[in-house]
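In case you want the letters, here they are:
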Amino acid sequence: MRRKFVAGNWKMNGSLAANAALLSQIQSAIQLPMQSKTPAVSVQADCDIAVCVPAPYLAQCQALLAGGPIALGGQDVSAQTAGAFTGDTAASMLHELGCAYVIVGHSERRAGYAETNAQVAQKALQALAAGLTPIICVGETLAQREAGQTNAIVGTQLAALLDVLPADQVGKLVVAYEPVWAIGTGKTATPEMAQEVHAMLRAMLVARHAQQGMTVRILYGGSMKPENAAELMAMADIDGGLIGGAALKAADFLAIIAAASAVTK
Ligand code: 13P
C-alpha cells in the first residue's frame, strides 16, 4: 500500500511573520501515532507531509521544521548544476537547506515561463542527482480537456521524463496530476474524473516499470480542500494531494492531513 502524502504549495505567498505563525499552528496540532501528549487542537497524522515554500524562506522554514514531522520542499529547481544562471536555484542548494522535495513543472511555470517537457525532465534529473524527490506536475488546460486531449497531453508530459529517467530512479518519483482548469478556481475534478487520469498515469508507469510503477505516489492538485479531500483520496490511484490555497490556512491544511490519515483502501 502506498502511504498517503499531503504537500502544501505555498506559491508566492508568505512573510517571515506569517510563515512562523502558520507553521506553529500546524505543528502544534499534529499528533503522531503512539504519541502520548494530546495538543489542545489535535490531528492524528498518519501520512507524509511537506510544505514547499518560496526560496527566500527555506532557511527560516528549515529551522522551524527541524526535528518535526513536516518535510521541506522547494517550488522549482534549475535544470543546470551550477554556474552563470542568474536567478536560478541549484538542486544542491535546496538539499543543503534541508529540502527533501522539489516541485518541477508546475503549470504556473510551464505557462508563465514557457518551460518545456524536456526542461522539466532535466529539472527532475537534477533534483534526483542531488538526493531530492521531484514532485513532477502534469495537467491539461480546459481547452485541451474539451478537445479530448487530456490523456495525450498528460501522457506526453510524463513520458518526457520517463524517457530519460534511469530505471532505478523511477521509484523515487512523486507525480502530481493538476488539471490547469482546477487550480485556484474552486473547480475540482470529480473523484471519478481525477481517478481516470491517475489510472492512466499508473498504467503508463507500470507498463514501463512493473514493480516500481506501483509504488510511485500520484497526488491530485487543484482546489483540494477539506470538503473534497476524503472522497478524492479514497480513489484507488489518488495517493494524496498537492495543496495550494488551502495550505495557507492551518485549519484547512490540518483537515486535509486528517482526511489523508483516515483513508483506508
Ligand atoms: P489550489 O489548491 O489553490 O487550487 O492550487 C493547486 C496547486 O496549484 C498546487 O500546486
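Above this note sits the structure.
Residues numbered from 1 in each chain as written. Predicted model: local features only at pLDDT ≥ 70, side-chain atom pairs only at ≥ 80, totals over all residues. Heavy atoms only, no water.

Undergrad: What is the right way to read the packing of helix H5 (residues 117-129) against helix H7 (residues 150-162) from this model?
TA: Between two packed helices, both the angle of their axes relative to each other and the distance between the axes serve to describe the pair. Axis separation between H5 and H7 bottoms out at 8 Å; the angle between their running directions is 45°. The orientation of H5 relative to H7 falls into the category oblique. Every pair of crossing elements has a handedness; the one defined by H5 and H7 is right-handed. Contact with H5, carried on its side by Asn117, Ala121, Ala124 and Leu125, involves Thr156, Gln157, Ala160 and Leu161 of H7 and no other residues of that element. Residue classes in the contact of H5 with H7 are distributed as 5 nonpolar, 3 polar and no charged. (Axes fitted to C-alpha atoms, helices over the stretch in contact; angles between N-to-C directions. Helix = DSSP H or I, 4+ residues; strand = E, 2+ residues; numbered from the N terminus. Parallel < 35°, antiparallel > 145°, perpendicular 65-115°, else oblique. Left-handed = near helix turned anticlockwise from the far one by under 90°. Contact = heavy atoms within 4.5 Å. Nonpolar A, V, L, I, M, F, W, Y, C, P; charged D, E, K, R; others polar.)

Undergrad: How do you make sense of helix H8 (residues 191-208) when you look at a structure like this?
TA: Think of an α-helix as turning once every 3.6 residues; residues three or four places apart then point the same way. For H8, which comprises 18 residues, the first-to-last C-alpha distance of 26 Å matches the rise-based estimate of 26 Å (1.5 Å per residue) to within 8%. All of the buried residues in H8 are Pro191, Ala194, Gln195, Val197, His198, Met200, Leu201, Arg202, Met204 and Leu205. (Expected span 1.5 Å × (residues − 1). Buried < 20%, exposed > 50% of the residue type's maximum accessible area, 1.4 Å probe, protein only.)

Undergrad: Help me understand the site of the ligand in this model?
TA: Near the ligand, the surroundings consist of Asn9, Lys11, His106, Glu178, Ala182, Ile183, Gly184, Gly222, Ser223, Leu242, Gly244 and Gly245. Asn9 is positioned such that a nitrogen or oxygen atom in its side chain is 3.0 Å from an oxygen atom of the ligand. Between an oxygen atom of the ligand and a main-chain N or O atom of Gly184, the distance comes to 2.7 Å. Notes on the ligand: free accessible area 310 Å², of which the protein chains cover 94%. Here the shell around the ligand is composed, by residue class, of 3 nonpolar, 7 polar and 2 charged. (Near = heavy atom within 4 Å. Polar contact = N/O pair within 3.5 Å; in protein donor to acceptor, adjacent residues only side chain to side chain. Areas by Shrake-Rupley, 256 points an atom, 1.4 Å probe, with all protein chains shown as cover.)

Undergrad: Just checking my understanding: could you explain the pattern of salt bridges for this structure?
TA: Any two side chains of opposite charge can pair, on the condition that their charged atoms come close. Taken as a whole and judged by the stated rule, the model has 15 salt bridges. Across the salt bridge formed by Arg2 and Asp239, the nearest N and O atoms sit 2.9 Å from each other. Taken together, the residues Arg2 in the segment before strand E1 (5-9) and Asp239 in the loop between helix H10 (226-233) and strand E10 (240-243) connect sequence positions 237 residues apart. The exposure classification of Arg2 matches that of Asp239, with both residues buried. Linking Asp237 and Arg202 is a salt bridge whose minimum nitrogen-to-oxygen distance equals 2.9 Å. With a gap of 35 residues between them, Asp237 in the loop between H10 and E10 and Arg202 in helix H8 connect regions that are remote in the sequence. Residues participating in the shared-partner salt-bridge network are Arg2, Arg202, Asp237 and Asp239. (Salt bridge = Lys/Arg side-chain N within 4 Å of Asp/Glu carboxyl O.)

Undergrad: I keep staring at unusual backbone geometry and nothing clicks. Help me out?
TA: Phi is mostly negative for residues that are not glycine, and the peptide bonds are mostly trans. The backbone phi angle of Ala114 is positive, close to 50°, even though this residue is not glycine. Its place among the elements puts Ala114 in the loop between helix H4 (107-112) and H5. Overall, the relative accessible area of 56% leaves Ala114 in the exposed class. Located in the positive-phi region is Ser223, a residue other than glycine, with phi close to 55°. If you trace the backbone, Ser223 turns up in the loop between strand E9 (217-221) and H10. Among the residues examined, Ser223 registers a relative accessible area of 16% and is labelled buried.

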